[in-house]
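# Observations on the model geometry
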Amino acid sequence: MLDIQNLKAGINGKEILKGLDLKIGAGEVHAIMGPNGTGKSTLGNILSGRDGYEITDGYVDFDGLNLLEMDPEERAQAGLFMAFQYPVEIPGVSNANFLKSAVNEIRKARGEEPMPAPQFLKLLREKMALVEMKKDFIGRSVNVGFSGGEKKRNEILQMAVLNPKLAILDETDSGLDIDALRIVANGVNKLRTPNNSFIVITHYQRLLDYIVPDFVHVMYEGRIVKSGDKTLALELEAKGYDWIKEEFAAI
Amino acid sequence: MNETDQILENIGTTEYKYGFVTDIEQEFAPKGLNEDIIRFISEKKGEPEWMTEWRLKAYKVWSRMKAPNWAHLNLREIDYQDIIYYAAPKPKEEKKSLDEVDPELLKTFEKLGISLEEQKRLSGVAMDVVVDSVSVKTTFQKTLKEKGIIFCSMSEAIREHGDLVRQYIGSVVPANDNFFAALNSAVFSDGSFCYIPKGVRCPMELSTYFRINAAGTGQFERTLLICDAGGYVSYLEGCTAPSRDENQLHAAVVELICMDDAEIKYSTVQNWYPGDKDGKGGVYNLVTKRGKCQGNNSKISWTQVETGSAITWKYPSCLLIGDGAIGEFYSVAVTNNYQQADTGTKMEHIGKNTTSRIVSKGISMGKSSNSYRGLVRVHKTADNARNFSQCDSLLMNPSCGAHTFPYMEVHNKSAKVEHEATTSKIGDDILFYCQQRGLSEEQAVSMIVNGFCKEVMDNLPMEFAVEARKLLEISLEGSVG
């Protein structure tokens with residue numbers, strides 16, 4: 001599904017990713033953890049195609065495509081989705097209108113006809129139930145006047161409607177209370193299939209109680225320095241990151 | 001230059017679609033302006049003596065006035081002696097049916113996407129069409145007549161309904177109101193007239209379509225709309241002009257009069273030729289529009305979508321005289337390349353319990369300048385006046401300008417006046433968010449702009465909203481994709 005080889009990238013001349021390798025297979029959930037400022041969010045931004053980063057080395061294969069050569073919308077159309085840490089507000093554009101445009105652009109890129117409106121509404125209602133969104137949500141402007149928790153739920157809703165092959169969740173759990181966390185995690189779990197993969201970027205083990213990962217990676221100094229199964233997250237929770245830093249310093 | 005800048009830079013390179021010229025036989029007045037020209041125009045139109053005198057008086061006023069320079073506009077000095085004040089498609093006698101309208105003209109309107117044939121028109125819109133100086137066709141006149149509604153060209157109204165015209169013309173915008181209004185009063189050649197009788201709700205949208213065709217001419221139309229007690233009318237106005245290198249002058253006057261419990265909804269989609277990419281040519285759109293809420297609980301609502309013209313100077317206003325009168329102003333102004341717009345409104349609160357609402361959305365691109373100028377004045381007599389103003393500007397790049405000049409004068413302590421203003425630019429964050437969901441940058445821009453204007457667009461009548469949205473899209477079209 002995704003194969004990142006020796007990825008080196010930075011911003012304003014400062015190298016942030018220093019030769020990162022990561023392989024993600026179909027149907028797998030990978031958690032990426034690590035202290036602040038180690039490049040977790042940068043990785044998400046580069047994979048989704050945000051402007052402003054210099055990529056100096058490496059290759060990313062996404063389902064046979066050269067990901068780094070693609071425009072952000074092409075990546076989205078190819079099935080890559082990013083749940084943003086800070087979702088933006090779009091005044092005057094209704095959630096339904098926004099999502100319908102997104103769905104139909106992705107369909108168009110695949111040579112499919114636009115989805116008929118009734119079918120779209122049915123899909124939207126079904127997925128709204130999944131993340132427990134209120135009915136009036138359809139006509140409200142994208143994220144305008146939404147609480148922090150609602151914005152994050154909206155990200156999961158968009159993901160559910162667009163049904164991507166690979167979803168990157170960038171600190172989706174930050175700022176969520178326990179109920180919102182449960183709703184978000186529940187939304188993700190319902191979307192897990194043998195074909196869909198997830199990258200879950202998080203600071204806390206807490207989220208991983210709800211979204212149980214197949215693999216846990218620790219990022220430090222722009223690289224993945226340790227990988228393991230879900231028990232690694234528990235170990236990090238118990239011991240903190242210092243032992244990782246020490247281990248890394250010894251190399 | 002990153003891609004966003006490139007797209008925004010290229011926005012507006014799209015050619016103006018309505019820039020063609022129609023080859024029709026035309027009649028002109030000689031260039032320049034003097035009393036003889038005014039007599040010539042008046043005579044051409046077969047006007048009664050009082051009208052000629054009214055024009056001549058306005059001319060005297062005008063010749064003592066100076067062009068205003070307070071607007072935030074870089075307006076080249078206009079040589080008023082170098083303009084043709086009267087141009088008309090050569091008349092082929094009275095046009096009783098469509099067959100008699102010049103076929104070239106019919107083709108023109110087909111090209112503009114406007115059908116003059118009643119059966120083909122969208123149901124529910126009656127239309128008056130003004131080319132250069134004269135009205136060429138008014139549709140659905142008979143249907144309206146059955147309801148007692150008068151809807152015709154100004155020339156016809158002066159001839160057929162002289163008393164009404166004489167009573168109301170200049171009662172809202174007097175000839176000495178301002179330089180351009182005075183000029184218009186002297187030389188106005190045509191326009192639309194409408195009278196809605198007591199208690200009649202006009203069953204269809206009324207509409208005037210203005211087209212400048214001839215070169216070197218000015219267009220000076222005058223619209224007079226009277227809505228008697230308890231009446232209702234929704235009126236639409238659209239305009240285009242050929243692409244020409246020289247600047248063309250358009251100085252219109254619109255007067256609305258609204259009696260007790262009457263309501264007028266006046267919508268404009270203005271798409272005069274804006275000049276080319278380098279700022280050459282284009283229409284100078286210098287317009288005085290004012291509505292008088294004479295009666296108690298009367299309501300006037302202005303909605304405008306302004307995308308054209310090299311220069312726009314325009315402040316559709318409301319005089320809220322009757323108690324409980326309501327004035328509204330909804331505006332979207334888009335400027336691109338070297339376009340300049342100084343537009344806004346004036347709400348004069350005179351009666352008790354009057355309310356006004358102003359929603360203005362400015363979108364600036366290229367090297368254009370876009371100003372909102374508004375005055376809310378609460379007179380001593382206006383107990384419990386309420387106003388809410390919202391002025392938002394959207395900047396598409398760093399080289400354009402947006403300005404807001406809100407003035408408030410409150411002379412009554414019970415007044416409540418609110419003003420909110422925002423200026424924003426289309427941020428990379430919001431664009432990236434849309435792209436990450438599969439939308440192209442261009443679609444994202446169009447979606448964001450449409451969202452920005454939504455509150456105003458929602459006020460347009462259905463068919464017009466579709467046209468306005470298309471126009472916005474054209475204004476935003478870039479070279480990518």
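Above this text is the structure in question.
Residues numbered from 1 in each chain as written. Chains lettered and ligands numbered in written order. Predicted model: local features only at pLDDT ≥ 70, side-chain atom pairs only at ≥ 80, totals over all residues. Heavy atoms only, no water.

## Considering the pattern of salt bridges
All names here are of chain B. Going through the model one piece at a time under the given rule, you end up with 25 salt bridges over all chains. Between Arg373 and Asp342 there is a salt bridge, with its nearest N and O atoms 2.8 Å apart. Taken as a pair, Arg373 in strand E21 (residues 369–378) and Asp342 in strand E19 (residues 340–349) lie far apart in primary sequence, 31 residues in all. By relative accessible area, which is 10% here, Arg373 ends up buried. Arg377 is the salt-bridge partner of Glu409, the closest N and O atoms lying 3.4 Å from each other. Here the residue Glu409 occupies a position in strand E23 (residues 401–410), and Arg377 occupies one in strand E21, the gap between them amounting to 32 residues. For Glu409, a relative accessible area of 32% translates into the label partly exposed. We classify Arg377 as partly exposed; its relative accessible area is 22%. (Salt bridge = Lys/Arg side-chain N within 4 Å of Asp/Glu carboxyl O. Helix = DSSP H or I, 4+ residues; strand = E, 2+ residues; numbered from the N terminus. Buried < 20%, exposed > 50% of the residue type's maximum accessible area, 1.4 Å probe, protein only.)

## Some remarks on the interface of chain A and chain B
Interfaces are frequently sized by the accessible area removed from exposure as the parts join. At the junction of the two partners, chain A supplies 31 residues and chain B supplies 20 residues. For the interface between chain A and chain B, the tally reads two salt bridges. Among the salt bridges present, the one from Arg50 of chain A reaches Asp429 of chain B, with a minimum N-O distance of 3.0 Å. The interface formed by chain A and chain B holds 11 residue pairs in polar contact (both at pLDDT 80 or more) in total. Elements supplying a minimum of two residues to the side of chain A that touches chain B: helix H2 (72–77), strand E6 (80–83), strand E7 (90–94), helix H3 (95–109) and helix H5 (148–162) of chain A. If one sorts the elements of the side of chain A that touches chain B by residue count, H3 of chain A sits on top with six residues. Each residue belonging to the side of chain A that touches chain B can be placed in one class, and the counts come to 16 nonpolar, eight polar and seven charged. (Contact = heavy atoms within 4.5 Å. Polar contact = N/O pair within 3.5 Å; in protein donor to acceptor, adjacent residues only side chain to side chain. Nonpolar A, V, L, I, M, F, W, Y, C, P; charged D, E, K, R; others polar.)

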